[in-house]
Structures are given as structure tokens and as C-alpha cells.
Amino acid sequence: MSTELKTTGLKTDEMIINMGPQHPATHGVLRLLLTLDGEFVKHVEPVIGHLHRAQEWQGQNRTWFQYQALIDRVDYLSGMFTSWALSRAAEKIEGIKIPLRAEYMRVMVSEMNRITSHLLWLGTYLIDLGAMFGFPFYPFREREKLLDLLEAVAGQRMMFNYIRIGGVQREAPPGWFAKLKAFTEEFPDRVDEYEAIVTKNPIFLKRTRGIGNLKKEVAMDYGVTGPSLRASGVPMDLRRTKPYSVYDRLKFEVPVMEGDGDTWARYMCRIKEMRQSNEIVKQCLDQIPGGTPEELREKRKACNSCGKADCPNCGGDLQIMVKKQNAGLRIKAGEGFEAVESPRGILGCYVVSTGGDTAYRFKWRNPSFSNLSVLPVLLLDHPIADIMAIFGSLDVILPDVDR
Amino acid sequence: MSHEPAAEKPAEVTLEPGPFGQFLLEHGIPSKRLANSAGDVETIELEGQHLEAALKRLRNSSEIALDFLVAVSGVDSPESFDSVYHLWSYSNLSELVIKVCTPKSQVPAGQLPLVPSLAPFWNAANWHERETYDLVGIRYVGHPYLRRILNPWDWEGYPLRRDYKQPVDALNDKNPYSFR
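Residues numbered from 1 in each chain as written. Chains lettered and ligands numbered in written order. Predicted model: local features only at pLDDT ≥ 70, side-chain atom pairs only at ≥ 80, totals over all residues.

**Topic: the overall build of chain A**
Here comes step 1: Each helix and strand in chain A was counted, giving 16 helices and 10 strands.
Here comes step 2: Here the C-alpha radius of gyration of chain A, 23 Å, is about what a compact globule of 403 residues would show, namely 22 Å.
Here comes step 3: The 403 residues of chain A split such that 48% are buried.
Here comes step 4: Across chain A, every contact between residues at least 6 apart in sequence was considered, and the portion connecting residues at least 24 apart equals 69%. (Helix = DSSP H or I, 4+ residues; strand = E, 2+ residues; numbered from the N terminus. Rg over C-alpha atoms; globule rule 2.2 N^0.38 Å. Buried ≥ 20, exposed ≤ 12 C-beta atoms within 10 Å, placed from the backbone. Contact = placed C-beta atoms within 7 Å.)

Rendered as C-alpha cells:
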């Protein structure tokens, strides 16, 4: 579309510009082919796949036991959720019901993981917007504490491999519950701190208010999920709409934003979610059957850790794993699709098993993949300067897109 | 051997159509119910020619409202290429799995199985169909931009097929063409 300027007689033309794949603000390697009319975006083609590691292929060529360690790398900011989706799919096919204590541990570590993921998003998003004055390090202060706790329980800071088929890997170390409780007490004040700096900051509001509007119908048409969808006013959260695990025993709100779903609404939705996740962790600490590991150990002295199913101190729901795994883990023939609500949206795992020690087919339904596909619609007619403000607000993780 | 009787197949049990199959039948769309996948989700098999009509019905009917296309997957089964659609609803708890199976015997050598595309009327299918085309090699007829999405644009072969061979022995450093 070329236009002629009346005053000078010069012609303007559309220009195709390549953005990325190594743009610092794309959180990975995303390439955008932009068609620009002056400052304004007329067409976008996201080119993905630079981080493709053939995770599905590897799943078909590795045993279940090996693959569990690998899938944390699918979405490196929320490794708990990928393990959880895989474990749930396998457990569903196998028909395993996992102990209640393990379910509570899963919910607890996953919600902690959700907070760390949102905190990292908050810090990097503000850097994307140019807020380099030191604020981005505030969220990392709290994230560090949570990562220390997750490291204490899982042995790794990011690639946890903690949630396993049949339960969780190990019991929390002594003192872990108390430290986590102390964290949950102080965390709401810290979120207040972030909000005091960011939420009503005039520069932040100018950069985010009213841009990148995602209408409800468009979001539903493209299969957008997670906070990006709830910011557009669709109350869809798997934890509430199809409660899995023990979410039906926990009281929490699902933040849904009214209005036109702009970039600011997506920010606000994540901030509110962090508070709710904190509440969930708190309730889990109170409700978990067996209490803290120290209490449990005291109780088990009475029966000398017999491990019998009918023992009130070690049986059934107080275990953390149905049965210890070994490398020869096999899953029955069958197929199943299981999904969890990850920080980015609905993370699904479709497994076809033929009864061997490897699966026949894996398919990951990654939230970032579907969320990114709506980007061309969001960027239309926005200036170049808004591209990163809008893209960052979707909270896309490129390894999650490319697998 | 030819004179021996063929191995007797286990008698196929014809399942009664479930609620969604019944709904489609009322609107003149035949479907075949398959055994439920794990977790008792209704699973049906559709002919490719009925796919578009069926999905439009299921999506737009107000009481069923299967308006959330979660994923489109491709499976290279021993006998057929399956295109699998997982449908959920934003407003209720319905779930449905639809399979479109193209028997391998019907796919001419050197060609791809053909399945009608949903992308023209459902944007959620767009990238998922591109991905399935890229990895499993199912050609979605009517897709506006059917191009490889995760692999490079000039990649050869379909990596998630069971008979896929790597074009270059990527991990062998004796091979002059390897990536190392």
C-alpha cells in the first residue's frame, strides 16, 4: 500500500523489517517479520522454531523414566507444571490414585513455582518497558527465597524433576514448612510494594493502558488461555472450572478483569494471581495430612515407620509416592489427555501408550504456542515502540513455544 | 499362507452413540464411536468430509458449545494417520475427542494423507495444523498458509513418523556433513 504525499510529491511505501531472532526482549529467540507503514505495524509473521529441540520425538525414543527428567526443559520457568501434566496423563492411563499428602505437596510446590514464574515475568517485563532503574530486582529478591525453598525440596533451582509419576520425589527437609510459612506471611506486603511502585506509575500507565486490546471473542477464537484470557474477561481457570488434584478443597479467587483486555489488565491479572497463589500455599500448609515432616517423624517413632497401608502414621494418604519408581517403568496401553493450569495457561499432555517402556506418541499442548499465535492481531496498527510492551504482556516463553 | 483362514479378528463391539454422537446424528452427520480414552471422555471418529460441518455444529450450538479447540494432534498409528481434535468448552464441562483416520492403504506412495482444514473458520487450529503438517505430515486441505513451523522451511521428511530417518547423522562426528 503506497501513498503519495501531496505536499512533496514523494511516495511512501511499506517496508519489511526483520526483528530478531536475537532481540533481547524476546525472552529466547523469536523472529518477527514486520511489515511497516511508517511507524505502524501492518502485518506480522512470527517465525518460530529456533529453539526446537524435538521434545516430542525424544519422548518417543526415551523411557518414561528418562523422559520425566527432560520435560522440565519444555518450559524452564514452570518446570513443575510440565512434570505435573505428564504425571497426570500417565497416572490417568495407568489408573493410579496418588496419596493425599503427595497431592498437597504437588499443589504447594506448583503454586510456589507459579509465583516465581510471575515474579520473573514482572521483572523482565519492566525491563522490556525500559524501567531499568533498579525496580526489576525487587521481584528477584522474593524469587530467590522461593527458589531456595524449591531447591531444598527438589534439589534443583529450576529443572526440578520433583513431581514424578505416582507422587512426588521426596519429603520436604526439616524446617522447610516453617520457612515457607514465614515467606507466605511477608509476601503480600512485598506485592504491595511492587504495586506501590508500578500499578499507578504514570509512565507505566501511558505505556500499557489501552494498547494491545484483546477482545474476548478473538481470544477464544485463537485458543488463548491463562491470565491473558482472564484479563479479557473470560473466567476460565482449570483450577476452578475443572478442579483437579485438591483444588476443590482450597478457597481462592480467580481474578478476572473487566474491560477490553489491554496490556495493563494482563499485568494486573498476574499481580492478583500471585496473591491468590500465596493464599493457596498458606492453606496447603494448614491442611496437609500428616503436618510437617518433623511431626510426622515423631509420630512414626510409635510404629517404627512400618509403612503398612492401614497404619495411622504411615499408611495411605500420608505417603508421598505410591511406589518407588525404577528405570523399567511401564505404562498400560491406552491414551489420555490431561491438562493443568500453568502460569501461562492450559498446559496439556496427550499421550498414546502401547504398553511399552516408551510412549507411542507425545503431544504437548503448550500455552505459549497458542498465546503467541494471537500476536499478529494484537500488534496490528500499533507503533513499533509498543511491540515489546504487547509481546511481553503475553508472557510467552520461547522454549515452551518451540519445544 | 493363502489356504489358511485369516486370523480371526476380535468381534468389534458397536458402541451406542454418546450424547455428542447422538447430537450429530440428529443433524444428519454420521459418526462412529470409539472406545473412550482414559478418563471416560467421549471419543468419536468422523469421516473427513463431515468434519467441517460437524465442528461448526458443535461449536455454535448454544447447549453444547464446544467452542474451545484445545489441540490438534497427529498420530502415525500402525494402520492409519490420525488427526486428533480435543474439544472443550469455555462455558461448561463438556469434553470431546474427534479423530479423523486416513488408512495408510488409501494414501498413494509419495503423497500425504489429506484432511480438511479448520483454520479458515477457527484460528486456534491454524498453528496446530501447521505443526502437525510439519511433524507428522498430514496435509490440511484449505489451510491458508500450510508451511513448516517448527522445523526449517527446507526440512525433508516428517520427523514424528515412525519410519523417519534422519537425513544427516547429526551426532556422528566422523560424518563430514554432521552438525558438529
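**A word on the sheet that holds strand β10 (residues 361–365) of chain A**
Pairing between the strands of a sheet comes from backbone hydrogen bonds, and it takes one of two forms, parallel or antiparallel.
Residue and element names in this part refer to chain A.
Here comes step 1: The strand order across the open sheet built from three strands is β8-β9-β10, with neighbouring strands paired in antiparallel fashion. Two strands in the sheet have a free side with no partner beyond their single neighbour: β8 (333–342) and β10. Pairwise comparison of adjacent strand axes, ignoring direction, gives a mean angle of 10° for this sheet.
Here comes step 2: Sheet topology note: the strand β9 (residues 345–354)/β10 ladder contains five bridges and is antiparallel. For Tyr350, the partnering residue across the bridge sits in β10 and is Lys363.
Here comes step 3: Sitting on the sheet, helix α3 (residues 79–94) is in contact with β8 and β9, with an inclination near 145° to β8. (Pairing = 2+ DSSP bridges. Axes fitted to C-alpha atoms, helices over the stretch in contact; angles between N-to-C directions.)

**Quick word on the pairing of strand β3 (residues 15–19) of chain A**
Residues and elements named next belong to chain A.
Here comes step 1: For β3, the buried fraction is low: zero of the five residues fall into the buried class.
Here comes step 2: Across five bridges, the pairing between β3 and strand β4 (residues 31–37) is antiparallel. Bridging from a neighbouring strand, Ile16 pairs with Thr35 of β4.

**Remarks on the domain arrangement of chain A**
Residues and elements named next belong to chain A.
Here comes step 1: Split by domain assignment, chain A resolves into domain 1 (3–46) and domain 2 (96–289 + 376–402).
Here comes step 2: Relative placement of domain 1 and domain 2: their C-alpha centres are 32 Å apart.
Here comes step 3: The partner domain 2 presents 16 residues to the 11 residues of domain 1 that form the contact.
Here comes step 4: Considering each element in turn, the side of domain 1 that touches domain 2 owes the most residues, three residues, to strand β5 (residues 40–47).
Here comes step 5: For the side of domain 1 that touches domain 2, the residue count by class is seven nonpolar, three polar and one charged. (Domains from an automatic or database assignment. Nonpolar A, V, L, I, M, F, W, Y, C, P; charged D, E, K, R; others polar.)

**Section: the interface of chain A and chain B**
Here comes step 1: Contacts between the two partners involve 30 residues from chain A and, on the opposite side, 23 residues from chain B.
Here comes step 2: Contributing elements (two or more residues each) for the side of chain A that touches chain B: α1 (55–61), α3, α8 (216–222), β8, β9, β10 and α13 (367–372) of chain A.
Here comes step 3: For the side of chain A that touches chain B, a count of residues per class yields 13 nonpolar, eight polar and nine charged.

**As for the confidence of the model for chain A**
Here comes step 1: Mean pLDDT over chain A stands at 86; residues scoring 70 or higher make up 98%.
Here comes step 2: Across chain A, helix α11 (residues 263–287) of chain A holds the top mean pLDDT of 91, while strand β1 (residues 3–4) of chain A sits lowest at 64. (pLDDT = per-residue confidence, 0-100.)

**Topic: the environment of Val72 of chain B**
Residue and element names in this part refer to chain B.
Here comes step 1: By the element assignment, Val72 lies in strand β3 (residues 68–76).
Here comes step 2: A C-alpha to C-alpha distance of 15 Å links Val72 and Arg59, two positions 13 residues apart in sequence.
Here comes step 3: With residues near it in sequence (within four places) discarded, Val72 still touches Ser83, Tyr85, Ala125, His128, Glu129 and Thr132.

**Some details on the packing of α3 of chain A against helix α4 (residues 100–128) of chain A**
Residues and elements named next belong to chain A.
Here comes step 1: Between α3 and α4, the least distance of the axes is 8 Å, while the angle of their chain directions is 140°. Classified by the angle between their axes, α3 and α4 sit oblique to one another. Touching Met80, Phe81 and Trp84 of α3 are Arg106, Val109, Ser110 and Asn113, all from α4.
Here comes step 2: Looking at the contact of α3 with α4 residue by residue, the classes come out as four nonpolar, two polar and one charged. (Parallel < 35°, antiparallel > 145°, perpendicular 65-115°, else oblique.)

**Things to note about the confidence of the model for chain B**
Any residue range with low pLDDT should be treated as having predicted coordinates unsuitable for detailed reading.
Residue and element names in this part refer to chain B.
Here comes step 1: The predicted model of chain B has a mean per-residue pLDDT of 80, with 82% of residues at 70 or higher.
Here comes step 2: Note that residues 4–11 has pLDDT below 50 and, in this model, zero contacts with residues that lie over four places away or in other chains.
Here comes step 3: As scored by the predictor, the complex reaches a pTM of 0.86 and an ipTM of 0.84.

**A word on the pairing of strand β4 (residues 80–88) of chain B**
All names here are of chain B.
Here comes step 1: With eight of its nine residues buried, β4 lies for the most part within the structure.
Here comes step 2: The pairing of β3 with β4 spans eight bridges and is antiparallel. In the strand pairing of β4, Phe68 is matched with Trp88.
Here comes step 3: Hairpin remark: β3 followed by β4, antiparallel, with three residues in the connecting loop.
Here comes step 4: What sits between β4 and strand β5 (residues 95–103) in their antiparallel hairpin is a turn of six residues.

**Observations concerning the sheet that holds β3 of chain A**
Residues and elements named next belong to chain A.
Here comes step 1: Pairing in this open sheet of three strands is antiparallel, and the strands run β3-β4-β5 from one edge to the other. Edge positions in the sheet fall to β3 and β5, since each has one partner strand and no second. Across this sheet, the average inter-strand angle for adjacent strands is 25°, counted without regard to direction.

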